[in-house]
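Observations on the three-dimensional arrangement
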Amino acid sequence: MDRTVNDVAQQVSTGAMPGWDRVEALAVQAHARYASNADGHVADYIPGLAAADPELFGLAVGEIDGSVHGAGACETLFSIQSISKAFVYAMVCDAVGHGVIKDRVGVNNTGLSFNSVIAVELNNGHPMNPMVNAGAIATTALVPGATPAEQWEVIRTGLSRFAGRQLELDGEIYHSEMRTNQRNRAIAQLLESYGRIDIDPSDAVDTYTRQCSLRVSARDLAVMGATLADGGVNPVTGERVVSDQVCRDTLAVLASTGMYERSGEWLFEIGLPAKSGVSGGIVAIAPGKGAIGTFSPLLDSAGNSVRGQLATAYLSRALGLNIFASAPAHHSSAPAARKDAV
Ligand code: GLN
């Protein structure tokens with residue numbers, strides 16, 4: 001698309017959250033409402049994840065004023081997995097720019113599962129989507145740094161700045177995944193064969209696997225997401241992590257691809273850019289307002305946390321976060337009731 005609107009200043013579409021006591025109460029209610037739902041399965045294709053306690057469920061809402069409201073196991077640490085893709089993508093966008101990332105990695109949904117090798121073959125090696133493994137490995141390969149160690153340090157430091165605290169590697173998960181990530185190695189080799197990555201494919205997979213193994217909590221996810229909601233400034237630490245344009249671009253990508261092949265359904269039901277990971281985390285971002293971080297290891301067949309989706313849907317609705325929802329400005333403030341209202 002020709003970006004002929006670049007001369008027009010980007011105005012932001014913001015709104016207000018309800019008061020903090022209401023947000024706090026709704027966070028507790030969202031947790032209570034879905035805590036007993038035991039649908040779904042713990043991911044077991046990475047042996048280290050199979051040991052996760054299926055009972056665990058925590059969530060947090062982070063606001064752009066820096067307040068964070070948690071419920072349940074919101075401090076429990078787990079490996080970030082695919083949610084790292086969103087934040088590494090933002091960092092790489094910041095480093096290489098809008099045009100390069102769009103050409104190299106693409107911004108469209110492949111409609112195929114996150115670990116699809118076929119998607120790479122179907123598109124002449126073009127990853128198409130930065131939120132599935134092929135595009136994420138290609139994105140990680142673009143992280144600034146002369147060596148894998150330098151690239152890893154850039155990622156660890158960058159994601160820690162999003163979280164507002166030093167994030168640590170979960171060594172057990174990292175080693176467990178490195179022993180079983182043959183598909184990702186195949187994807188990286190294919191990307192290399194098509195000239196889509198410039199570094200050694202095994203180094204790209206190693207760094208990608210490390211980024212997926214960083215330990216976060218639902219509370220961390222809420223703060224990381226709130227940083228994307230706050231034009232790139234971490235609302236807790238006050239530090240600028242990425243530019244406001246990068247947040248806008250990242251959220252656009254998350255809206256179309258963040259929930260894998262269920263992204264359309266998610267947007268239809270919940271109306272927020274979001275990213276999930278197979279360890280059971282989800283972060284959903286309400287631009288200009290804040291973010292919801294959830295954690296529960298029981299997943300649906302696409303790899304999205306069941307309780308996390310339900311709780312986020314509840315909070316999106318109750319807090320007025322759906323970016324597509326509006327009511328007539330000059331008539332009634334309440335949307336008209338429809339027979340088939342859901
Ligand atoms: N590290 C995992 C993988 O590459 C991440 C997948 C995910 O969270 N969807 O398979």
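Note that this is a predicted model, so its numbers are computed, not measured.

1. Looking at the overall build of the protein
When its secondary structure is counted, the protein shows 14 helices and 9 strands. Computed over its C-alpha atoms, the radius of gyration of the protein comes to 19 Å, within 12% of the 20 Å expected for a compact globule of 342 residues. Projecting the C-alpha coordinates of the protein onto the three principal axes gives extents of approximately 60 × 50 × 40 Å. Relative to its full complement of 342 residues, the protein shows a buried share of 51%. Summarising the internal contacts of the protein: among those between residues at least 6 apart in sequence, 70% fall at separations of at least 24. Summed over all atoms, the accessible surface of the protein reaches about 14,700 Å², with 52% contributed by carbon and sulfur.

2. Looking at the nonpolar core
Counting residues in each nonpolar core, the largest one holds 59 residues, and the members touching the most others are F87, L159, F162 and M224. It is helix 3 (residues 83–96) that contributes the most residues to this core, 9 residues altogether. Residues contacting M224, with those up to four places away along its chain left out, are I80, F87, L159, F162, A163, L167 and V216. If you look at the next biggest cluster of nonpolar residues, it comprises 24 residues, including M17, L26, M259 and W266.

3. Observations concerning the UniProt feature "binding site: substrate" (unreviewed entry) in the protein
With numbering aligned to this structure, UniProt lists the feature "binding site: substrate" (unreviewed entry) at S82, N133, E177, N184, Y208, Y260 and V278. Its location among the elements puts S82 in the loop between strand 4 (78–79) and helix 3. Other than its neighbours up to four places away in sequence, S82 contacts N133, Y260, K275, S276 and G277. Positionally, N184 belongs in helix 9 (residues 182–193). Exposure remark for N184: the relative accessible area of 5% places this residue in the buried category.

4. Regarding helix 6 (residues 133–141)
In terms of residue burial, helix 6 counts as a mostly covered element, since 9 of its 9 residues are buried. Regarding helix 6, the residues found buried are N133, A134, G135, A136, I137, A138, T139, T140 and A141.

5. Considerations on the site of the ligand
The ligand sits among Y45, Q81, S82, F114, N133, E177, N184, Y208, C212, Y260, G277 and V278. A distance of 2.7 Å separates a nitrogen atom of the ligand from a polar side-chain atom of Q81. A distance of 2.8 Å separates an oxygen atom of the ligand from a polar atom in the backbone of V278. Protein chains bury 99% of the 300 Å² of accessible surface belonging to the ligand in isolation. A breakdown of the residues in the shell around the ligand according to their chemical character gives 6 nonpolar, 5 polar and 1 charged.

6. Examining the packing of aromatic side chains
The full count for this structure, using the stated rule, is 3 aromatic pairs. On the numbers, 3.9 Å between centres and 5° between planes, the contact of F78 with F295 is stacked. Here the residue F78 occupies a position in strand 4, and F295 occupies one in strand 8 (residues 290–295), the gap between them amounting to 217 residues. The pair formed by F78 and F295 is uniform in burial state, with each residue classed as buried. Ring centres of F87 and F162 lie 4.9 Å apart, and the angle between their planes is 65°; on these two criteria the pair is classed as edge-to-face. Taken together, the residues F87 in helix 3 and F162 in helix 7 (residues 148–163) connect sequence positions 75 residues apart. One residue, R210, lies across the ring of W152, its end atom 5.9 Å from the ring centre. Note that R210 overlies the ring of Y174, its terminal NZ or CZ placed 4.6 Å from the centroid.

7. Some details on the pattern of salt bridges
Scanning all chains against the criterion turns up 8 salt bridges. The partner of D249 in a salt bridge is R248, and the shortest N-O contact between them spans 3.2 Å.

Cut-offs used in this document
- Residues numbered from 1 in each chain as written.
- Predicted model: local features only at pLDDT ≥ 70, side-chain atom pairs only at ≥ 80, totals over all residues.
- Heavy atoms only, no water.
- Helix = DSSP H or I, 4+ residues; strand = E, 2+ residues; numbered from the N terminus.
- Rg over C-alpha atoms; globule rule 2.2 N^0.38 Å.
- Buried < 20%, exposed > 50% of the residue type's maximum accessible area, 1.4 Å probe, protein only.
- Contact = heavy atoms within 4.5 Å.
- Areas by Shrake-Rupley, 256 points an atom, 1.4 Å probe, with all protein chains shown as cover.
- Core = buried A, V, L, I, M, F, W, Y, C linked by side-chain atoms within 4.5 Å.
- UniProt positions renumbered as here; feature names shortened; annotations may be inferred.
- Near = heavy atom within 4 Å.
- Polar contact = N/O pair within 3.5 Å; in protein donor to acceptor, adjacent residues only side chain to side chain.
- Nonpolar A, V, L, I, M, F, W, Y, C, P; charged D, E, K, R; others polar.
- Phe/Tyr/Trp six-rings, centres within 6.5 Å; stacked < 30°, edge-to-face > 60°.
- Lys NZ or Arg CZ within 6 Å of the ring centre and 35° of its normal.
- Salt bridge = Lys/Arg side-chain N within 4 Å of Asp/Glu carboxyl O.

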